[in-house]
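Descriptive structure summary
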Amino acid sequence: MPIIDSQVHAYEANSPKRPWHSVPNWPDHVTGDEMVAAMDKVGVDGAIFISAFSLYRYDASYAVEVQRAHPGRLAIVKPVDPDDPGVADVVADWKKTRGTVGIRIMLTKEARRAPDHPGLDRIARAAVRHDFPVNLLCWDNLDAGRALIDRHPDTRFIIDHLGILQPRVPPAPPEPWADLPKVLELAKRPNAVIKVSGACTLSREPYPFPDIWDPLARVFDAWGFDRCLWGTDWTRAFAVVNYEQAVEPFRKTSRLSDAERAMLMGGASVKAYGWSPKKE
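Summary of the structure given here. Starting afresh in each chain, residues are numbered from 1 along the sequence in its written order. Where totals are concerned, whole chains, interfaces and linings use all residues; where local detail is concerned, this predicted model gives features only for residues with pLDDT of at least 70, and gives and counts side-chain atom pairs only at 80 or more. Remark: hydrogens and water are excluded; side-chain values derive from all non-hydrogen atoms of the structure.

Some words on the side chain of Q166
When you line up the elements, Q166 lands in the loop between β6 (157-159) and α7 (180-186). Contacts described as polar in this section are N or O atom pairs within 3.5 Å, which, within protein, must combine one atom able to donate a hydrogen with one able to accept it, while residues neighboring in sequence count only if both atoms come from side chains. At 3.1 Å, the side chain of Q166 forms a polar contact with the backbone oxygen of H161. Only heavy atoms enter the contact rule, under which two residues are in contact if any of them lie within 4.5 Å. Excluding anything up to four places from it in sequence, Q166 contacts W139, H161, S197, G198, A199, T201, L202 and R236. Secondary structure elements follow DSSP: runs of H or I no shorter than four residues count as helices, runs of E no shorter than two count as strands, and numbering proceeds from the N terminus.

Dropping the structure here:
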C-alpha cells in the first residue's frame with residue numbers, strides 16, 4: 001500500500017506575480033519541488049496538495065502548475081467560494097482540470113457562515129454532480145460542520161485536521177482534545193470520513209509525541225481505519241514539527257498493526273479520493 005499524506009501545502013515565495021493574501025509563520029517558500037523532495041526523504045509516495053487558502057484564497061493556479069510537474073506524486077484540491085453565485089460552474093471547471101480530486105469549504109467561525117448558507121448548498125450539490133468529496137475545515141466549529149454534513153447526506157465530506165483546532169506555534173493548549181466527544185459523535189455520519197492530519201501538533205510532550213495515541217485510539221475505534229486519513233498538514237504545522245517528525249511517529253509506533261498502518265497511511269486516502277500515486 002502506498003504512503004499518502006492527506007494534506008500538504010506548497011507555495012512560492014511571496015511576489016508581485018503571485019502575492020500572498022496573508023503572511024503566516026511558514027517558511028519563505030516550500031515549492032512543489034521542495035515538497036516532493038521532503039516526501040522522498042522520508043518515503044512518502046504521494047500527497048493530496050490542498051491549495052493554501054491563507055496565501056492564495058480561491059486561486060489554485062499554483063497547485064495546477066505543481067501537479068503538472070509532478071502528476072504521479074500530487075493530486076490537488078481547491079477551496080471554493082460560497083459567496084460566488086457561479087460557484088457551481090467553478091466546481092464543474094475544476095473537475096475538468098487534470099489531477100483534481102476534490103474541493104474544500106472553509107467553515108470556521110471566522111467565515112461567519114451558517115450551515116444553511118445558500119452558497120454552501122450550491123457547493124454540496126455540485127460536489128455530488130461531479131463526484132467530488134468536499135474537504136471541510138470546521139475546527140472549533142464542529143456543530144456547524146455536523147449540521148452541514150447532515151443537511152447533505154448524499155455529499156461525501158472529508159473532515160480536516162480531526163475537526164480539532166490545532167496550534168500554529170507550540171505549546172499545545174492545556175486541553176488540546178476538548179472537542180474529542182464531538183469528533184467521536186460525528187463518526188455516526190456514513191457520508192463523512194476524517195483526516196488524522198496535524199495530530200502531532202496536539203501533543204504536549206516532545207517528539208515522538210507519545211500522548212497522542214490514547215485519544216487517537218478512540219478516533220480509530222469510532223471511525224474505523226478505512227475512514228481515517230493520515231496526514232501532516234505541512235507546512236501549516238511547520239513551527240511545531242518538521243516534516244520527518246510528522247511522519248515517523250506513525251511509521252514506527254507499536255500502537256498500530258501493519259494492516260492498520262497501511263490503511264491509515266494510504267489505503268483510506270485511496271478510497272476517499274480515488275487516487276493513487278505513481279512513480280515518476
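Having seen the model, we can carry on.
Comments concerning the environment of M263
Summarising the element assignment, M263 is placed in helix α10 (residues 258-273). Note: C-alpha distance between M263 and N25 (238 residues apart in sequence) is 32 Å. Setting aside chain neighbours within four positions, we find M263 in contact with F225, D226, C228 and A268.

Quick look at the pairing of strand β8 (residues 228-231)
What you see with β8 is no split at all: C228 and W230 on one side and L229 and G231 on the other are buried throughout. Two strands are said to pair when DSSP picks up at least two bridges between them. Where strand β7 (residues 192-197) meets β8, four bridges bridge the pair, whose relative direction is parallel. Bridging from a neighbouring strand, K195 pairs with L229 of β8. With the strands pointing away from the viewer, any crossover whose connection runs clockwise from the first strand over the helix to the second is right-handed. One crossover worth recording links β7 to the parallel β8 by way of helix α8 (residues 213-223), and it is right-handed. Burial classes follow relative accessibility: with a 1.4 Å probe on protein chains only, a residue under 20% of its type's maximum area counts as buried, one over 50% as exposed, and anything between as partly exposed.

Focus: the pairing of strand β1 (residues 4-8)
With five of its five residues buried, β1 lies for the most part within the structure. Looking at chain direction, β1 and strand β2 (residues 46-50) are connected through three bridges and run parallel. Residue V8 lies in a different strand from β2, and its bridge partner there is F49. As for the winding sense of the linkage, the β-α-β connection from β1 through helix α1 (residues 32-42) to β2 is right-handed.

A look at the packing of helix α4 (residues 87-95) against helix α5 (residues 118-129)
When two helices pack together, you describe them by how their axes are tilted relative to each other and by the distance separating the axes. Between the N-to-C directions of two axes lies an angle of 0 to 180 degrees, each axis being a line fitted to C-alpha atoms and, for a helix, fitted only over the stretch in contact. As a packed pair, α4 and α5 sit with axes 9 Å apart at the nearest point and diverge in direction by 30°. By the angle between their directions, the pair α4 and α5 is classed as roughly parallel. Relative to α5, α4 is oriented so that their crossing is right-handed. Contact with α4, carried on its side by V87, A88 and V91, involves G119, R122, I123, A126 and R129 of α5 and no other residues of that element. Each residue gets one label: Ala, Val, Leu, Ile, Met, Phe, Trp, Tyr, Cys and Pro are nonpolar, Asp, Glu, Lys and Arg are charged, and the others, such as Gly, are polar. Along the lines of polarity and charge, the residues of the contact of α4 with α5 split into five nonpolar, one polar and two charged. We call two directions roughly parallel when the angle between them is under 35 degrees, roughly antiparallel when it is over 145, roughly perpendicular when it lies between 65 and 115, and oblique otherwise. Take the far helix as your reference; a near helix turned counterclockwise from it by less than a right angle gives a left-handed crossing, and one turned clockwise gives a right-handed crossing.

Topic: the nonpolar core
What makes a nonpolar core is a set of buried Ala, Val, Leu, Ile, Met, Phe, Trp, Tyr and Cys residues whose side-chain atoms join them at distances within 4.5 Å. Ranked by internal contacts, the top residues of the largest apolar core, which has 81 residues, are L216, W223, Y243 and F250. For L216, the contacting residues outside a window of four places in its chain are L162, W177, V196, A199 and F250. Counting 13 residues, the second largest nonpolar core, distinct from the first, contains V101, V193, A268 and W275.

Comments concerning the packing of aromatic side chains
Each aromatic pair joins two rings of Phe, Tyr and Trp (for Trp, the six-membered one) with centres within 6.5 Å, and gets the label stacked for planes under 30 degrees apart, edge-to-face for over 60, and tilted for any other angle. Using the criterion set out here, one finds ten aromatic pairs in the structure. On the basis of an interplanar angle of 85° and a centroid distance of 5.6 Å, the ring pair of Y207 and F209 is categorised as edge-to-face. Y207 sits in the partly exposed class, given a relative accessible area of 37%. On the basis of relative accessibility, which here comes to 7%, the residue F209 falls in the buried class. Within the aromatic cluster, the residues linked to one another by ring pairs are Y11, W20 and W26. In this structure, K78 is placed above the aromatic ring of W94, and the distance from its NZ or CZ to the ring centre is 5.8 Å. Geometrically, a lysine NZ or arginine CZ counts as sitting over a ring once it is within 6 Å of the ring centre and also within 35 degrees of the ring normal. Cation over ring: K95 sits above F132, and NZ or CZ is 4.7 Å from the ring centre.

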